[in-house]
Amino acid sequence: MQTLTINIANDTLLDKVMWLLEHFKNDGLEIVSKEDIEDLKLLKATREETTLSFEEYLKNEN
């Protein structure tokens, strides 16, 4: 899979580019915002952390 980053400062141009890219979704194009990617990376990192049950958290809240 190839990744392409496009920076667009003009909202009118963004609308035109998104309109064009939407036509390629049926061919397998995935459109993900950079902000979404950063959020997904943060979520993935939390999966490796140890978890604590809510009951255990309440016992040690102080």
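Notes on the structure in this doc start here. Nothing here was measured: the structure is a model prediction, and the numbers come from that model.

Turning next to a nonpolar patch on the surface. A cluster of nonpolar side chains, namely Trp 19, Leu 20, Phe 24, Leu 29 and Ile 31, defines an oily patch on the protein surface of about 490 Å² accessible area. On the secondary structure map, Leu 20 appears in helix α1 (residues 11-22).

Before going further, it helps to examine helix α2 (residues 34-46). Between the first and last C-alpha of α2 there are 19 Å, a value that for 13 residues agrees with the 18 Å anticipated at 1.5 Å per step. Within α2, only zero of the 13 residues are buried, which leaves the element largely exposed.

Moving on, we come to the pattern of salt bridges. The tally for this structure, following the rule as stated, stands at two salt bridges. We note a salt bridge from Lys 25 to Glu 22, for which the minimum N-O separation is 3.3 Å. Under the relative-accessibility criterion, Lys 25 is labelled partly exposed at 40%. Overall, the relative accessible area of 38% leaves Glu 22 in the partly exposed class. In this structure, Lys 59 and Glu 56 form a salt bridge, with 3.5 Å as the shortest nitrogen-oxygen distance. Residue Lys 59 and its partner Glu 56 are located together in helix α3 (residues 54-59), separated by three residues, close to a single helical turn.

Turning to the layout of surface pockets, a few remarks are in order. Space left empty within the atom packing is revealed by a probe, the size of a water molecule, rolled over the atoms. By volume, the largest pocket is sized at about 820 Å³. Residue lining of the largest pocket: 21 residues in total, with Leu 4, Thr 5, Ile 6, Ile 31 and Val 32 positioned closest to the centre. The element contributing the most residues to the lining of the largest pocket is α1, with four residues. Per-class residue counts for the lining of the largest pocket are 12 nonpolar, six polar and three charged.

What counts, and where the lines are drawn
Residues numbered from 1 in each chain as written. Predicted model: local features only at pLDDT ≥ 70, side-chain atom pairs only at ≥ 80, totals over all residues. Heavy atoms only, no water. Patch = residues over 30% accessible without salt bridge, like charges linked within 9 Å, V, L, I, M, F, W, Y side chains within 5 Å. Areas by Shrake-Rupley, 256 points an atom, 1.4 Å probe, with all protein chains shown as cover. Salt bridge = Lys/Arg side-chain N within 4 Å of Asp/Glu carboxyl O. Helix = DSSP H or I, 4+ residues; strand = E, 2+ residues; numbered from the N terminus. Expected span 1.5 Å × (residues − 1). Buried < 20%, exposed > 50% of the residue type's maximum accessible area, 1.4 Å probe, protein only. 1 Å grid on protein atoms, 1.4 Å probe; cavity = no way out; pocket = protein on both sides within 12 Å on 5 of 7 lines; lining within 4 Å. Points joined across faces, edges and corners; volume = space filled by probe spheres on them. Nonpolar A, V, L, I, M, F, W, Y, C, P; charged D, E, K, R; others polar.

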